[in-house]
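# Structural description and commentary
Residues per chain, in single letters:
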Amino acid sequence: MTAPEIIALLPYKSPFLFVDAIETISGNAVKGHYTFKETEYFYEGHFKNQPVTPGVILTECMAQIGLVCLGIYLFKDENLENQNILVALTSHQIDFYLPVLPKEKITVISEKEYFRFNKLKCRVKMLNEQNELVCKGSISGMIKSQGYD
């Protein structure tokens, strides 16, 4: 399964898709990136005259790249083209160190801790373009494919 095929199967679309590309992926890890556009809807109110990417959006970006993309890859032996990918975040613990500003490109690196009974748990970290640690932690979720009715 190729990176563009994985991205096409993501159950998100603009303005809530936070994956530009997957750089590497294997059964144990994924690395991808996203550039936060100056026109993102959440910058209007977070914060006045000094926009900063909300932590919940950074967490979502890490979940999309680090958990969902990897989860889809782990289902690669199934025919997912006619499937609906169902995702439920079950837990997360993230520590934040640096802000992410508009027009910043971030890289997410995720390593699988375990995948069993459709539950995936990963250690994730986000780096900015200067290779500085923005945030890190763990994210768990249930991932399932289901045929369209």
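## Focus: the side chain of Gln64
Counting through the fold element by element, Gln64 comes out in helix α2 (residues 55-74). Judged by its relative accessible area of 0%, Gln64 falls in the buried class. Looking at Gln64, its side chain comes within polar contact range of the main-chain nitrogen of Phe18, at 2.7 Å. When near neighbours in sequence (up to four residues on either side) are disregarded, Gln64 contacts Leu10, Tyr12, Phe16, Leu17, Phe18, Val19 and Cys69.

## Digging into the packing of aromatic side chains
Applying the stated criterion across every chain yields a total of 9 aromatic pairs. An aromatic cluster is present here, built from Phe16, Phe18, Tyr34, Phe36, Tyr41, Phe42 and Tyr43 joined pairwise through their rings. The lysine or arginine in question, Arg116, covers the ring of Tyr114, its NZ or CZ lying 4.3 Å from the ring centre.

## Side note on the nonpolar core
By size, the foremost hydrophobic cluster in this structure holds 37 residues, and its most contacted members are Phe36, Cys61, Met62, Ile106 and Met126. Elements with a contribution of two residues or more to this core: α1 (3-9), β2 (29-35), α2, β3 (83-96), β4 (105-116), β5 (119-127) and β6 (133-147). Broken down by element, the residue count for this core peaks at 12 residues, all from α2. Apart from the residues lying within four places of it in its own chain, the contact partners of Cys61 are Phe18, Tyr34, Phe36, Ile106, Val108 and Met126.

Criteria and thresholds
Residues numbered from 1 in each chain as written. Predicted model: local features only at pLDDT ≥ 70, side-chain atom pairs only at ≥ 80, totals over all residues. Heavy atoms only, no water. Helix = DSSP H or I, 4+ residues; strand = E, 2+ residues; numbered from the N terminus. Buried < 20%, exposed > 50% of the residue type's maximum accessible area, 1.4 Å probe, protein only. Polar contact = N/O pair within 3.5 Å; in protein donor to acceptor, adjacent residues only side chain to side chain. Contact = heavy atoms within 4.5 Å. Phe/Tyr/Trp six-rings, centres within 6.5 Å; stacked < 30°, edge-to-face > 60°. Lys NZ or Arg CZ within 6 Å of the ring centre and 35° of its normal. Core = buried A, V, L, I, M, F, W, Y, C linked by side-chain atoms within 4.5 Å.

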